[in-house]
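The chain contents come next:
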Amino acid sequence: MLHTCDNPGLLPISEAISAILLQLECPNTQEKVTLVSARGRVLAKDIVSKIQVPPADNSAMDGYAMRCEDLAISNNLQLMGTALAGQPFTGTVAEGQCVRIMTGAIIPTGANSVVMQENTQADGNTITFKQIPDEDNSVRKAGEDIQLGQVVVAKDTKLTAAHLALIASIGVAEVDVTTKLTVGLIATGDELTPAGQDLAPGAIYESNRYALQALLEDYPVKVIDYGIVKDDKTSLRKVFFQADQDCDLVLSCGGVSVGDADYVKDILQELGEINFWKVAIKPGKPFAFGKLKQAWFCGLPGNPVSSYVTFEQLVTPLIEKLTGQQTSSPHYFIAKAAETIRKRPGRADYQRGIFYRDETGELWVKPNGKQGSGIMSSIANANCYMMLPQESANINQGEPVKIEPF
Ligand code: AMP
Ligand code: MG
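Residues numbered from 1 in each chain as written. Chains lettered and ligands numbered in written order. Predicted model: local features only at pLDDT ≥ 70, side-chain atom pairs only at ≥ 80, totals over all residues. Heavy atoms only, no water.

Re the sheet that holds strand β7 (residues 113-116)
Here is the rule we go by: Note: two strands are recorded as paired if DSSP finds a minimum of 2 bridges between them. Per the convention used, a helix needs a DSSP run of H or I reaching at least four residues, while a strand needs a run of E reaching at least two, with both numbered from the N terminus. Between N-to-C directions, angles cover 0 to 180 degrees, with each direction set by a line fitted to C-alpha atoms, over the stretch in contact for helices.
Here we have six strands laid out as an open sheet, ordered β7-β4-β6-β5-β9-β8, and mixed in their pairing. Taken across any chain shown, the strands that pair with only one partner, and hence form the sheet edges, are β7 and β8 (120-123). Between one strand and the next, the sheet's axes are offset by a mean angle of 40 degrees, whatever the strand orientation. Of the strand pairs in this sheet, β8 and strand β9 (residues 126-129) are connected by four bridges, and their pairing is antiparallel. Across the sheet, Ala122 pairs through a bridge with Ile127, a residue of β9.

Structure follows, in structure tokens:
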């Protein structure tokens, strides 16, 4: 028998994301930071150029600058001096004259073209040209990269290394960016033990915070780690209350499913307006979202793979919006299934896969071993998600699969 849906009350991922984004307000606080500390920050204002780049016509080659029309009369021109990058030739190039010029040096007054050194021959102060160039040959024109008044990087952009170079190239040393989001991390569960300690019977090592903290490094956030909290009401109430006061966004993992000894739900109900969803995502499903007294809140499932995947799929759009970033859609490719991929209709499945190209260049993908929500090695040793749509059943060998490389 085919299961059409694990549970008819499941919320499709796209609807969960829309419901989250609809509630959030964009940030309106910003600060100035120096360019060196701006990588990964989100621009709060357009960067408009007050100069043109390059600032003046300059040479793209080491060679000789001249008036190209003179070469129609004679191949031999008289050498008058040198133009270096940062040390312009101060005279004027007149008829029958040329100037030795280096890459980046300003084109001397009077000259209108450059011939590269390899196409010339020098005999004392007489330069013979073996190439008759057009105007502007090997000339980089003023403003050809950036014009005066041009928006070089738009508001809402998350700044990369290339953006920083571009901004520096117009002489801007400080930028206005959105303020960092303060994100609190809470792991809940009596069984959880910090790495580095001895493991008591029945206990397991806590691992989700390590993944979440590392994933958060890609965003303009400041993380406050509240550690591991026991499943008792007093401790949970205390830590959630504190995190709500300290943070813009609180992320917890564990205790949002129908577990018995999990008091997370009760405390959250006391503190704010939280929705407990069953999202049509696998791994994942239980997911809580809402507002505490002042901070936004996401409750991730405790299973390591579930918390990882729900963070990437549901929490990152929220962080992007709260930090004022343009929402990004991940890159994906279509590969062929190298073997049958097992899947039941009902939930969108983010199976962990390994993609590769065969000798003909064809892209293939296969599941990376066991896909259970507790099997972290399925992510660690994989190189992509195989994104299997909610309604899809088994995928046969050779059928197309959407993959999202890590
Ligand atoms: P829960 O969502 O609290 O019912 O937890 C589901 C499963 O995930 C249980 O097997 C927990 O032991 C495990 N788990 C919960 N939180 C963590 C964590 N922070 N690190 C590793 N495993 C966890
Ligand atoms: Mg638990």
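After that view, the rundown keeps rolling.
Some details on the sheet that holds strand β20 (residues 286-291)
Selection criterion: Whether two residues are in contact is decided by their heavy atoms, any of which lying within 4.5 Å being enough.
In spatial order, the strands read β16-β13-β17-β21-β20-β18; together these six strands make up an open sheet with mixed pairing. For this open sheet the edge positions go to β16 (221-229) and β18 (273-278), each flanked by a neighbour on one side alone. Ignoring which end each strand starts from, the neighbouring axes of this sheet average 15 degrees apart. Of the pairings in the sheet, the one linking strand β17 (residues 249-253) to strand β21 (residues 296-300) comprises five bridges and is parallel in character. Pairing of Cys253 across the sheet is with Leu300, part of β21. This element, helix α1 (residues 13-23), spans β18, β20 and β21 of the sheet and lies at about 165 degrees to β18. Against the sheet, helix α5 (residues 264-271) contacts β13 (181-188), β18 and β21, and its axis sits at roughly 140 degrees relative to β18.

Considering unusual backbone geometry
Just so we agree on the cut-off: Burial here depends on accessible area, computed with a 1.4 Å probe over protein chains only, as a share of the maximum for the residue type. Under 20% is buried, over 50% is exposed, and the range in between is partly exposed.
Note that the residue after Val53, namely Pro54, is joined by a cis bond; omega there is -10 degrees. Summarising the element assignment, Pro54 is placed in the loop between β2 (47-48) and β3 (58-59). The backbone of Asp136 shows a phi angle near 65 degrees, a positive value even though the residue is not glycine. Locating Asp136 in the fold gives a position in the loop between β9 and β10 (139-140). Residue Asp136 is classed as partly exposed on the basis of its relative accessible area of 30%. Residue Lys285 is not a glycine yet carries a positive backbone phi of 80 degrees. Secondary-structure assignment places Lys285 in the loop between β19 (281-282) and β20. Under the relative-accessibility criterion, Lys285 is labelled partly exposed at 23%.

Looking at the domain arrangement of the protein chain
Inclusion rule: Throughout the structure description, domain borders are defined by an automatic or database domain assignment.
Partitioning the protein chain into structural domains gives domain 1 (13-29 + 180-322), domain 2 (31-47 + 153-178), domain 3 (58-140) and domain 4 (333-405). Taking the mean C-alpha position of each, domain 1 and domain 3 sit 66 Å from one another.

Examining the pattern of salt bridges
The condition that has to hold: The rule for a salt bridge is simple: a side-chain nitrogen of Lys or Arg has to be within 4 Å of a carboxyl oxygen of Asp or Glu.
Counted according to the given criterion, the structure contains 12 salt bridges. The residue Lys233 makes a salt bridge to Asp266 at a minimum N-O spacing of 3.4 Å. Of this pair, Lys233 sits in helix α4 (residues 233-246) while Asp266 sits in helix α5, placing them 33 residues apart in sequence. Residue Asp266 is classed as partly exposed on the basis of its relative accessible area, which comes to 35%. Linked through salt bridges whose partners overlap, the residues forming this network are Lys32, Lys45 and Asp176.

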